[in-house]
Amino acid sequence: MQLHPGHCVAIFGGAVAGAEAAGLLSQQGIYTVIFEQNALPYGKIEDGLPKWHVKLRDKEEQKIDEKLRNPYVQFVPNTKLGDDIDFETIIKKWGFSAVLLAIGAWRDRPLPVEGIDAYVGKGLYYQNPFIYWFNHYHEPNFSGETFEVHDGTVVIGGGLASIDVIKALMIITVGRALRERGHKVDFFELEKRGPARILDELHLTMDDLGLKGCSLYYRRTAINMPLTPIPEDADERRLQKAYEVRERMMKKLQDEFLFQFHECHSPVDKILEGERLAGLVFQKNEVVDGRPRPIPGAFIEVRTPLVISSIGSIPELVPGIPVKGNVFNFTDESTGQIQGYPNVFALGNTVTGRGNIKDSRQHGGLVGQHVLTDFLAWKEAYHRALADEKAEKLSEQVTAINSALDAQKLLSSEQISAIFDRAKARQKQVGFDGDYEKWRQKHLPVRLENMGENQPI
Ligand SMILES: Cc1cc2nc3c(=O)[nH]c(=O)nc-3n(C[C@H](O)[C@H](O)[C@H](O)COP(=O)(O)OP(=O)(O)OC[C@H]3O[C@@H](n4cnc5c(N)ncnc54)[C@H](O)[C@@H]3O)c2cc1C
């Protein structure tokens, strides 16, 4: 492709938010280079959203693919910011017009029990690596960390992801117990219809399988769980109705998936046995004005073979990028602009903290639009003028546009070409020849739904 003067934007993370911004910018004639830490740019669509969401996953991945096929987008896989490329080098040496951070939220919020992280892998798991394993362990060539699953596992959390974790546990424990007894059970049937119905049809109970079920512990109550959205301006009547719906939904989930739910419990201490975490001490709460308030002296000990903490995800920090508390230090959520770096912007889950595809896409679009119209002050007319102009008249166009711009000046074709050359050198290093479709086909994981009889649970 013949490059024209204009702008070139780096985007780290090519999933929902990153692809949305790349799509918006590239459609307007802004060059983008997407650096993605993994081979494929699907982020939590592939490694978070549980693998039973086959249609949603495929639909979202297609949307990402469409954006990446634009000729203005260069894709650089297997390249992690802060690891393969450092932030200072990107800012000082590559010469991008702007840098976008769409790197999601891959770090689990630490469980607030002193010293408990020493027991990760020894009775304690965190949600993000656990769900990664859950989504991929069926792949014949899976080489990641292996996770044990136990009946009686305790999940800590109250968000939607924690419900997925407990559903995954119940599907695995019931599914494996049934298979051990010679019953043919299908993973997707277990998820769709729920273990309770499958057991009923086989005239079996959890007792018959020797299972007691897993438990979800939450510091507040079912009505505080985000099972249904509640508009900010909801009146008392609407609020009560939404609370009833949430309670009913939680009850239905328990009935179908056969787990126990314990409201108003916060973990405060660990129970150890030798080298392993053997349980937790919980403080019982009451909920006052939506907040948990400890009930003095009300503690219980819960013994369990496994704890999975699912209390939220926060961004993995990158050396050199300013932080505020647990997150990047952005000036405000709508622009995502990073404090002290006028041309660096964060977008998607990394900023919103909300584990939601729609929110990530909307935020990616919002920040992309801000970069395009406010930061770069780019106009569709510039694109036409720069892309279509004959070589001899081009420098006049560039001078005219640059003098009209208070904002970031245009990069010359040579500057953009130099960025692309560096990007291509990295592509070569990681073995990507620029053919996205071929690369995608090569790296797409084996799908559970295509495994037929060999489908493991
Ligand atoms: C268990 C679970 C269930 C969910 N269920 C739903 C659901 O039912 N409905 C729904 O709407 N949402 C759901 N979500 C949330 C949804 O999947 C995510 O919120 C959304 O996909 C996030 O998109 P994103 O682009 O902001 O971030 P991500 O998908 O996290 O994308 C970030 C990208 O950046 C890459 N990256 C990270 N660090 C670097 C780095 N340093 N350098 C380069 N690249 C990097 C990652 O590999 C990734 O591709 C669920 C999430 C989980 C965990």
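Residues numbered from 1 in each chain as written. Predicted model: local features only at pLDDT ≥ 70, side-chain atom pairs only at ≥ 80, totals over all residues.

Novice: Got a minute to help me understand the site of the ligand in this structure?
Specialist: As a structural note, the neighbourhood of the ligand is formed by 37 residues, with Gly13, Gly43, Gly48, Gly104 and Gly348 the closest of them. Those elements giving two or more residues to the shell around the ligand turn out to be α1 (16–27), α2 (44–47), α6 (160–180) and α12 (357–375). Counting only domains with at least three residues in the shell around the ligand, you end up with domain 1 (8–106 + 315–450) and domain 2 (109–313). (Near = placed C-beta within 6 Å. Helix = DSSP H or I, 4+ residues; strand = E, 2+ residues; numbered from the N terminus. Domains from an automatic or database assignment.)

Novice: Would you mind showing me how to read the domain arrangement of the protein here?
Specialist: Annotation of the protein at the domain level lists domain 1 (8–106 + 315–450) and domain 2 (109–313). Between the C-alpha centres of domain 1 and domain 2 the distance comes to 35 Å. Listed as interface residues are 13 residues of domain 1 and, on the opposing side, 17 residues of domain 2. In terms of residue class, the side of domain 1 that touches domain 2 is made up of 7 nonpolar, 2 polar and 4 charged. (Contact = placed C-beta atoms within 7 Å. Nonpolar A, V, L, I, M, F, W, Y, C, P; charged D, E, K, R; others polar.)

Novice: Any chance you could explain α1 here in plain terms?
Specialist: Helix length check: α1, at 12 residues, gives a terminal C-alpha distance of 16 Å against a target of 16 Å (1.5 Å per residue), a fit within 8%. Most of α1 is tucked away, with 11 of its 12 residues classed as buried. Buried within α1 we find Val16, Ala17, Gly18, Ala19, Glu20, Ala21, Ala22, Gly23, Leu24, Leu25 and Ser26. Residue Gly29 follows α1 closely and has a positive phi angle near 85°. (Expected span 1.5 Å × (residues − 1). Buried ≥ 20, exposed ≤ 12 C-beta atoms within 10 Å, placed from the backbone.)

Novice: Sorry if this is basic, but what is going on with the packing of helix α5 (residues 127–136) against α6 here?
Specialist: Where α5 meets α6, the closest approach of the two axes is 11 Å, and the angle between their N-to-C directions is 45°. Between α5 and α6, the angle is such that the two are oblique. At the point where α5 passes α6, the crossing takes the left-handed sense. For the pair α5 and α6, contact is made by Gln127, Phe130, Ile131 and Phe134 and by Ala161, Val165 and Ala168, respectively. (Axes fitted to C-alpha atoms, helices over the stretch in contact; angles between N-to-C directions. Parallel < 35°, antiparallel > 145°, perpendicular 65-115°, else oblique. Left-handed = near helix turned anticlockwise from the far one by under 90°.)

Novice: Looking at this structure, I do not really get the sheet that holds strand β13 (residues 307–310). What am I missing?
Specialist: Sheet strands associate in pairs through backbone hydrogen bonding, adopting either a parallel or an antiparallel arrangement. The 5 strands are arranged β6-β13-β7-β8-β9 in an open sheet whose pairing can be described as parallel. One side of each edge strand has no neighbouring strand; the edge strands of this open sheet are β6 (124–126) and β9 (260–262). Strand after strand, the sheet turns through a mean of 20° between neighbouring axes, direction not considered. Examined bridge by bridge, strand β7 (residues 154–157) and β13 share 4 bridges and lie parallel to one another. Within β13, the residue paired with Val155 across the bridge is Ile308. The strands touched by α5 within the sheet are β6 and β13, with β6 carrying the most contacts at an inclination of about 80°. (Pairing = 2+ DSSP bridges.)

Novice: Any chance you could explain the sheet that holds strand β10 (residues 265–273) here in plain terms?
Specialist: Spatially, β10-β11-β12 is the arrangement adopted by the 3 strands of the open sheet, whose pairing is antiparallel. The open sheet is flanked by β10 and β12 (291–303), the only strands paired with a single partner. When the angles between neighbouring strand axes are averaged without regard to direction, this sheet yields 20°. With 8 bridges joining them, β10 and strand β11 (residues 276–288) adopt antiparallel strand pairing. In the strand pairing of β11, Leu272 is matched with Leu277.

Novice: Explain unusual backbone geometry here, please?
Specialist: With phi around 65°, Leu258 is a residue other than glycine that occupies positive phi space. With respect to the helices and strands, the residue Leu258 is situated in the loop between α10 (236–257) and β9.

Novice: Even after reading the chapter, I still don't get the packing of α1 against helix α3 (residues 54–68), so can you show me in this structure?
Specialist: A packed helix pair is summarised by two numbers, namely the angle formed by the two axes and the spacing between the axes. Across the interface, α1 lies against α3 with an axial gap of 9 Å and an inter-helix angle of 35°. Every pair of crossing elements has a handedness; the one defined by α1 and α3 is left-handed. Packed against α1, whose contacting residues are Val16, Ala19, Ala22 and Gly23, the element α3 presents Glu60, Ile64, Lys67 and Leu68 at the interface. In terms of residue class, the contact of α1 with α3 is made up of 5 nonpolar, 1 polar and 2 charged.

Novice: What is the right way to read the pairing of strand β18 (residues 341–346) from this model?
Specialist: Residues in a regular strand project their side chains so that they alternate between the two faces of the sheet. Where strand β4 (residues 98–101) lies against β18, 3 bridges are found, and the strand directions are parallel. Its bridge partner lying in β18, Leu101 is registered against Ala346. Note that strand β17 (residues 337–338) and β18 share 2 bridges and pair antiparallel. Bridge pairing links Ile338 to Tyr341 in β18. Where β17 folds back on β18, the antiparallel hairpin that results is connected by 2 residues, among which Gly340 adopts a positive phi of roughly 85°.

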